[in-house]
Amino acid sequence: MRVIAGQKRGKKLDRMKDEAVRPTTDKVKESIFNVIQFNVAGASFLDLFAGSGQIGIEALSRDARQATFVDENRDAINVIKRNLTATDFMARATVVNMDSALFLKKQDEGSFDIAFLDPPYRSEVLDVALLLLPRVIAKGGLIICEHPAALDLPISLANFRLTKAYKYGKIAVSVYRD
């Protein structure tokens with residue numbers, strides 16, 4: 001696992017040891033950032049269900065102003081902190097060890113420009129996160145969700161509309177825009 005582009009291009013990142021955690025592949029990560037490339041610079045980025053933090057770190061490498069990493073798994077938080085330290089991005093990062101729904105409920109309206117979520121598959125947390133996310137994303141913002149390809153997501157989330165859906169084998173990425 002590595003940073004694909006930007007200031008820290010090629011930098012190797014630590015990964016979770018837990019076999020149940022599936023990191024986003026480089027192919028999928030590159031595709032996501034090809035879609036949002038013109039929105040990242042200067043953005044406030046939310047990496048929800050952050051795992052190793054690789055997506056938020058990729059955003060920071062591509063000049064996101066700030067990234068917030070949220071995961072309820074303590075081991076994930078430790079990996080995120082190690083990766084942020086190794087990339088020298090800790091000063092532009094906020095790391096939160098908390099349940100995703102509780103975190104989203106505590107945020108102000110429009111707190112983030114872009115949100116990426118890759119929740120555990122076969123869990124109810126995706127539905128809850130999709131319900132709560134639109135309120136915390138700024139006008140003109142983006143919500144990007146990685147999910148099982150067999151799962152059809154809604155065509156709208158409050159004022160956000162599904163504009164793109166990409167499939168990569170068993171994985172899909174859905175992009176919502178305000």
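Predicted, not measured: the structure shown is a model, and the values here were computed from it.

**Comments concerning the nonpolar core**
Inference 1: Among the nonpolar cores identified, the biggest contains 29 residues, and Ile32, Ile36, Phe45, Phe69, Leu84, Ile114 and Ile144 are the most heavily contacted of them.
Inference 2: Every element with two or more residues in this core is listed here: helix H1 (26-40), helix H2 (54-61), strand E2 (66-71), helix H3 (74-87), strand E4 (112-117), strand E5 (137-148) and strand E8 (171-177).
Inference 3: Broken down by element, the residue count for this core peaks at 5 residues, all from H1.
Inference 4: Residue contacts for Phe69: discarding those within four places in its chain leaves Asp47, Ala50, Gly53, Gly56, Ile57, Leu60, Ile80, Leu84, Ala93, Thr94, Val95 and Val96.

**Digging into H1**
For an α-helix, the turn length of 3.6 residues means that residues three or four places apart are oriented alike.
Inference 1: The first and last C-alpha atoms of H1 sit only 18 Å apart over 15 residues, clearly below the 21 Å expected at 1.5 Å per residue.
Inference 2: If you look at H1, its biggest bend is around 50°, right at Asn34.
Inference 3: All of the buried residues along H1 are Val28, Lys29, Ser31, Ile32, Phe33, Ile36 and Val40.
Inference 4: Where H1 is buried, its residues contact strand E1 (44-48), H2, E4, E5, strand E7 (160-168) and E8.
Inference 5: Residue Gly42 follows H1 closely and has a positive phi angle near 80°.

**A word on the packing of aromatic side chains**
Inference 1: A full pass over the atoms with the stated rule returns 2 aromatic pairs.
Inference 2: For the pair Phe33 and Phe45, a centre-to-centre distance of 6.5 Å together with 20° between the ring planes defines the contact as stacked. Here Phe33 is found in helix H1, whereas its partner Phe45 is found in strand E1, with 12 residues between them in sequence. One exposure class covers both Phe33 and Phe45, and it is buried.
Inference 3: Their ring planes at 40° and their centres at 6.3 Å tell us that Phe103 and Phe112 sit as a pair that is tilted. Grouping residues by exposure puts Phe103 and Phe112 together as buried.
Inference 4: Of note, Lys8 hangs over the ring of Phe89, and the distance from its end group to the ring centre comes to 5.8 Å.

**Re the pairing of E1**
Inference 1: A large share of E1 lies buried, amounting to 5 of its 5 residues.
Inference 2: Here E1 shows no split at all, with Ser44, Leu46 and Leu48 on one side and Phe45 and Asp47 on the other all buried.
Inference 3: Here E1 runs beside E2; their pairing, made up of 5 bridges, is parallel. Bridge pairing links Ser44 to Gln66 in E2.
Inference 4: Note on the crossover from E1 through H2 to E2: the handedness is right-handed.
Inference 5: As paired elements, E1 and E4 share 4 bridges and run parallel to each other. Residue pairing for E4: Phe45 is matched across the bridge by Ile114.

The rules behind each value
Residues numbered from 1 in each chain as written. Predicted model: local features only at pLDDT ≥ 70, side-chain atom pairs only at ≥ 80, totals over all residues. Heavy atoms only, no water. Core = buried A, V, L, I, M, F, W, Y, C linked by side-chain atoms within 4.5 Å. Buried < 20%, exposed > 50% of the residue type's maximum accessible area, 1.4 Å probe, protein only. Helix = DSSP H or I, 4+ residues; strand = E, 2+ residues; numbered from the N terminus. Contact = heavy atoms within 4.5 Å. Expected span 1.5 Å × (residues − 1). Bend = angle between axes of the 7 residues up to and from the residue. Phe/Tyr/Trp six-rings, centres within 6.5 Å; stacked < 30°, edge-to-face > 60°. Lys NZ or Arg CZ within 6 Å of the ring centre and 35° of its normal. Pairing = 2+ DSSP bridges. Right-handed = clockwise from strand over helix to strand, strands pointing away.

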